[in-house]
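Here is how the chains run, residue by residue.
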Amino acid sequence: MYSKKAALAIALSASISTAALAEEKVLNVYNWSDYMDPAAIEAFEKETGIKVNYDVYDSNEVLEAKLMSGGTGYDVVIPTGSFLERQVKAGIYAKIDKQKLSNLKNLDAELVEKVERHDPGNMHNVPYTWGTIGLGYNKEEVTKRLGTDSFNTYDLIFKPEVAAKLADCGIGLLDSPAEVMSIALNYLGLDPNSEKKADLAKGTELLKSVRSSYKYFHSSKYISDLANGDVCVALGYNGDILQAQSRAQEAGQKHTIEYMIPKEGTLVWFDLLAIPADAPHPEAAHQFIDYILRPETGASIANFVYYAVANTAARPLLNEDVVNNPGIYPADEVKARLFTQNAHTAKFDRKLTRAWSGIKTGR
């Protein structure tokens, strides 16, 4: 009798627990810093009753380390294309159930096709935003030190004699080895996706030759530092730099922050919404992604973060300073100088990590 009652109690407990889990209205999101309009999150919570727990990171490497360890508890993450490419191969992500995404039709078909090179059939992702890495600079301070206001080149951070003139006002670089090395190789006239030992050595030598002029490597600090005048040049993401520009203007700063895509060309990236294979709330995750794909949500995100969204239906709702900004939606001739980044092999990544450590420490 006792064993039957115990078994019944356990069964009832399991049933209740399962029901509770099924009814749990929670969504755990892990996103880049300064990369979502807080109002959009609040509106989603109000509409659905789903509580959003929102954490942030500032590099693909940090996200990948968490995902590879497993059991993160996150339901939606936003990796960059080349990182998602190899993470898919590692079985990190669940397949997207496109039948649950009524707003999928709003995506830019041309952009979706380009993203497919990272994820055949786009089985594990939904495009979020896209943009470029370029130079943000304090126009007045850089002009004063270089004696000219004409400097459309990566010489500002890669040519030792030029970078040295800017060292006192501060140069910040992304703490993103794969992206920075890719841009450095392209600057040298090499294949930006090369994994040749000799090419990595040349890129490393270039970065070490200007290391003494760099103030720091960080993937988000430069936003506030550019706005406040604590650095005068930053290699960063276009939207971040345009946010710094906006903050400087709102604070009444006397300096002007500009963004440029240098003449040598630069990296174009795609950030993608994905659901980890062990996500505890996959239904809420699909609901959230579909909400992101609404025209008004996409527009609110672009207007807040100053990045182009992969949502054609959102375009009519974009602010003029966003849709007409060449730093967000570059002209065709500029697009022609952009290159994408391939996923690296694990072997090359180990070499790159060692090289990057030496670059940052100056050894």
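Residues numbered from 1 in each chain as written. Predicted model: local features only at pLDDT ≥ 70, side-chain atom pairs only at ≥ 80, totals over all residues. Heavy atoms only, no water.

**Some points on the state of the cysteines**
No. 1: Enumeration over the complete set of coordinates arrives at one disulfide.
No. 2: The disulfide that involves Cys 169 links it to Cys 232, with 1.9 Å between the sulfurs. Where Cys 169 bonds to Cys 232 through sulfur, the torsion about that S-S bond is close to 50°, and the disulfide is right-handed. Placement of the pair is Cys 169 in the loop between α8 (160-166) and β5 (171-173) and Cys 232 in the loop between α11 (221-228) and β7 (233-237), with a sequence separation of 63 residues.
No. 3: A relative accessible area of 1% places Cys 232 in the buried class. (Disulfide = S-S within 2.5 Å. Helix = DSSP H or I, 4+ residues; strand = E, 2+ residues; numbered from the N terminus. Buried < 20%, exposed > 50% of the residue type's maximum accessible area, 1.4 Å probe, protein only.)

**Quick notes on the packing of aromatic side chains**
The geometry of an aromatic ring pair is captured by two quantities: the separation of the ring centres and the angle between the planes.
No. 1: Enumeration over the complete set of coordinates arrives at 16 aromatic pairs.
No. 2: Residues Tyr 154 and Phe 158 carry aromatic rings whose centres are separated by 5.6 Å and whose planes lie at 40° to one another, so their mutual orientation is tilted.
No. 3: According to the relative accessible area criterion, Tyr 154 is buried, its value standing at 0%.
No. 4: Measuring from ring centre to ring centre gives 5.2 Å for Trp 269 and Tyr 307, while their planes differ by 75°; the resulting arrangement is edge-to-face. Linking Trp 269 in strand β9 (residues 266-273) with Tyr 307 in the loop between α14 (295-305) and β10 (308-309), this pair joins segments that are 38 residues apart in sequence. You'll find Trp 269 and Tyr 307 in the same group, each marked buried.
No. 5: Among the aromatic residues, those joined into a ring-pair cluster are Tyr 30, Trp 32, Tyr 35, Tyr 57, Tyr 74, Tyr 128, Tyr 237, Trp 269 and Tyr 307.
No. 6: Seen from the ring of Tyr 329, Arg 315 lies directly overhead, with NZ or CZ sitting 4.7 Å from the centre. (Phe/Tyr/Trp six-rings, centres within 6.5 Å; stacked < 30°, edge-to-face > 60°. Lys NZ or Arg CZ within 6 Å of the ring centre and 35° of its normal.)

**Examining the packing of α11 against helix α12 (residues 238-250)**
How two helices pack is summed up by the angle between their axes together with the distance between the axes.
No. 1: At a closest axis distance of 8 Å, the pairing of α11 and α12 adopts a crossing angle of 35°. Regarding α11 and α12, the two cross each other, and that crossing is right-handed. Here Tyr 222, Ile 223, Ser 224, Leu 226 and Ala 227 of α11 come into contact with α12, specifically with Asp 240, Ile 241, Gln 243, Ala 244, Arg 247 and Ala 248.
No. 2: In terms of residue class, the contact of α11 with α12 is made up of seven nonpolar, two polar and two charged. (Axes fitted to C-alpha atoms, helices over the stretch in contact; angles between N-to-C directions. Left-handed = near helix turned anticlockwise from the far one by under 90°. Contact = heavy atoms within 4.5 Å. Nonpolar A, V, L, I, M, F, W, Y, C, P; charged D, E, K, R; others polar.)

**Details of the sheet that holds strand β3 (residues 76-77)**
No. 1: Strand order in the open sheet made by the three strands is β2-β1-β3, with parallel pairing throughout. The open sheet has two edge strands with one neighbour each: β2 (51-57) and β3.
No. 2: Two strands pair when backbone bridges link them, and strand β1 (residues 26-32) and β3 are joined in this way by two bridges, in the parallel orientation. If you follow Tyr 30 over to β3, its bridge partner there is Val 77.
No. 3: Across the sheet, helix α13 (residues 282-292) touches β1 and β3, and the angle it forms with β1 is around 55°. (Pairing = 2+ DSSP bridges.)

**A look at the pairing of β2**
No. 1: Alignment of β1 against β2, held across seven bridges, turns out to be parallel. Looking at β2, one finds that Trp 32 is bridged to Tyr 57.
No. 2: What joins β1 to β2 is helix α2 (residues 38-48), and the crossover it makes is right-handed. (Right-handed = clockwise from strand over helix to strand, strands pointing away.)

**Comments concerning the packing of helix α3 (residues 60-69) against helix α4 (residues 81-89)**
No. 1: Between α3 and α4, whose axes approach to 11 Å, the crossing angle comes to 15°. Classified by the angle their axes make, α3 and α4 are roughly parallel. The interaxial crossing formed by α3 with α4 has right-handed handedness. Along the contact surface, α3 presents Asn 60, Glu 61, Glu 64, Leu 67 and Met 68, while α4 presents Phe 83, Arg 86 and Gln 87.
No. 2: Looking at the contact of α3 with α4 residue by residue, the class counts come to three nonpolar, two polar and three charged. (Parallel < 35°, antiparallel > 145°, perpendicular 65-115°, else oblique.)

**Side note on the confidence of the model for the chain**
No. 1: Scored by pLDDT, the chain comes out at a mean of 92, with 94% of its residues at no less than 70.
No. 2: Confidence drops under pLDDT 50 across residues 1-21; counting only partners more than four residues distant or on other chains, this segment forms zero contacts. (pLDDT = per-residue confidence, 0-100.)

**Brief notes about the nonpolar core**
No. 1: In this structure, Leu 27, Phe 158, Leu 207 and Val 233 are the most contacted members of the largest nonpolar core, which totals 116 residues.
No. 2: The greatest single-element share of this core, amounting to seven residues, is contributed by helix α9 (residues 177-187).
No. 3: Other than its neighbours up to four places away in sequence, Phe 158 contacts Ile 183, Ala 184, Tyr 187, Leu 206, Leu 207, Val 210 and Tyr 214. (Core = buried A, V, L, I, M, F, W, Y, C linked by side-chain atoms within 4.5 Å.)

**Comments concerning the environment of Thr 80**
No. 1: Note on placement: Thr 80 falls in the loop between β3 and α4.
No. 2: Sequence spacing of Thr 80 and Asp 290 is 210 residues, and the spatial spacing of their C-alpha atoms is 19 Å.
No. 3: In this view, Thr 80 contacts Trp 32, Asn 60, Trp 269, Phe 270 and Asp 271; residues no more than four positions away in its chain are not counted.
No. 4: A polar side-chain atom of Thr 80 sits 2.7 Å from a polar atom in the side chain of Asp 271. (Polar contact = N/O pair within 3.5 Å; in protein donor to acceptor, adjacent residues only side chain to side chain.)

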